[in-house]
Amino acid sequence: MRILLVEDDPEQLEPLHNALTRSGHIVDGVAEGTDARWLIGEKDYDLLILDWMLPGEDGVSICEFYREGGKTSPILMLTAKDTTADKVRGLDAGADDYLVKPVDVEELLARVRALRRRSPLWIGDILEVGDLSLNLDTMRLTRGERSIKLASRDFQLLEYLMRNPGKVISRDRLEQALWEWGEEPESNAVASRVKRLRKRLQELEIETWIETAYGVGYRFEPQNN
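Report follows, based on the coordinates. (Residues numbered from 1 in each chain as written. Predicted model: local features only at pLDDT ≥ 70, side-chain atom pairs only at ≥ 80, totals over all residues. Heavy atoms only, no water.)

1. Some points on the pattern of salt bridges
Summed over all chains, the structure comprises 17 salt bridges. One salt bridge in this structure joins R111 and D97, with 3.0 Å as the shortest N-O distance. With R111 in helix α5 (residues 105–116) and D97 in strand β5 (residues 97–100), this residue pair connects regions lying 14 residues apart in the sequence. With a relative accessible area of 21%, R111 lands in the partly exposed category. In this structure, the salt-bridge partner of R146 is E205, at a minimum N-O distance of 3.8 Å. Within this pair, whereas R146 is found in strand β9 (residues 146–149), its partner E205 is found in the loop between α8 (189–201) and β11 (210–213), the two being separated by 59 residues in sequence. For E205, a relative accessible area of 55% puts it in the exposed group. Among the charged side chains, a salt-bridge network with shared partners connects R116, R117, D125 and D137. (Salt bridge = Lys/Arg side-chain N within 4 Å of Asp/Glu carboxyl O. Helix = DSSP H or I, 4+ residues; strand = E, 2+ residues; numbered from the N terminus. Buried < 20%, exposed > 50% of the residue type's maximum accessible area, 1.4 Å probe, protein only.)

Okay, structure coming up:
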């Protein structure tokens, strides 16, 4: 998933960002409500994680703004406010779930997995193309009796390609989809990531399934045995 994480405390933002990234998600992390409001107008997110108390604009206001725009992706609120009245206010603003600080990382990841199932793009925990199966929770790729565990960046690229089999995906589109907001990928960044993924796919004898469309981008083309 592409996740917007809004948390003004760097001691909270960094570990949560790292944990979500290690789990295979693409995370745009910001510390101010004004930045969050701008981003949700520019990008589509599968999940929003909003701190309640933020400089510039609080999480409840951002939640209301997001829902008023007709967007339906799940929202998880993070807050030290734990009274029933506060919870009701957050849920009435459009939040789907509520996690009280201090945040336990494992619980956060479990909530994220549960909320993912509410996404209109959710097709199950296993993504299958041809005779390949990609477990979206464990980042493990299986073909027949063989299985490999992918690093998060390899997983992100393969998942995106497997969701678009047979389509030529431009380098620009891959950069927009796979790099976080504020990152400036080098000119050969996409090619380097594809090269690394192909090397991993050699272990399953499917490295040739990622085809190069010269001057355009790449295509994931499963081949019949």
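2. With respect to the packing of aromatic side chains
On inspection of all chains with the given rule, the structure shows 3 aromatic pairs. Relative to W181, the ring of W38 has its centre 6.2 Å away and its plane inclined at 50 degrees; by these criteria the two rings are tilted. With a gap of 143 residues between them, W38 in helix α2 (residues 33–42) and W181 in the loop between α7 (171–178) and α8 connect regions that are remote in the sequence. A relative accessible area of 46% means that W38 is categorised as partly exposed. Ring centres of W209 and F220 lie 6.1 Å apart, and the angle between their planes is 65 degrees; this geometry places the pair in the edge-to-face category. Residue W209 is located in the loop between α8 and β11, and its partner F220 is located in strand β12 (residues 217–220); the two are separated by 11 residues in the primary sequence. For the pair shown, W209 and F220 are each scored as buried. Directly above the ring of F65 sits R37, whose terminal nitrogen or CZ lies 3.8 Å from the centroid. (Phe/Tyr/Trp six-rings, centres within 6.5 Å; stacked < 30°, edge-to-face > 60°. Lys NZ or Arg CZ within 6 Å of the ring centre and 35° of its normal.)

The values reported here are purely geometric and, on their own, carry no functional implication.
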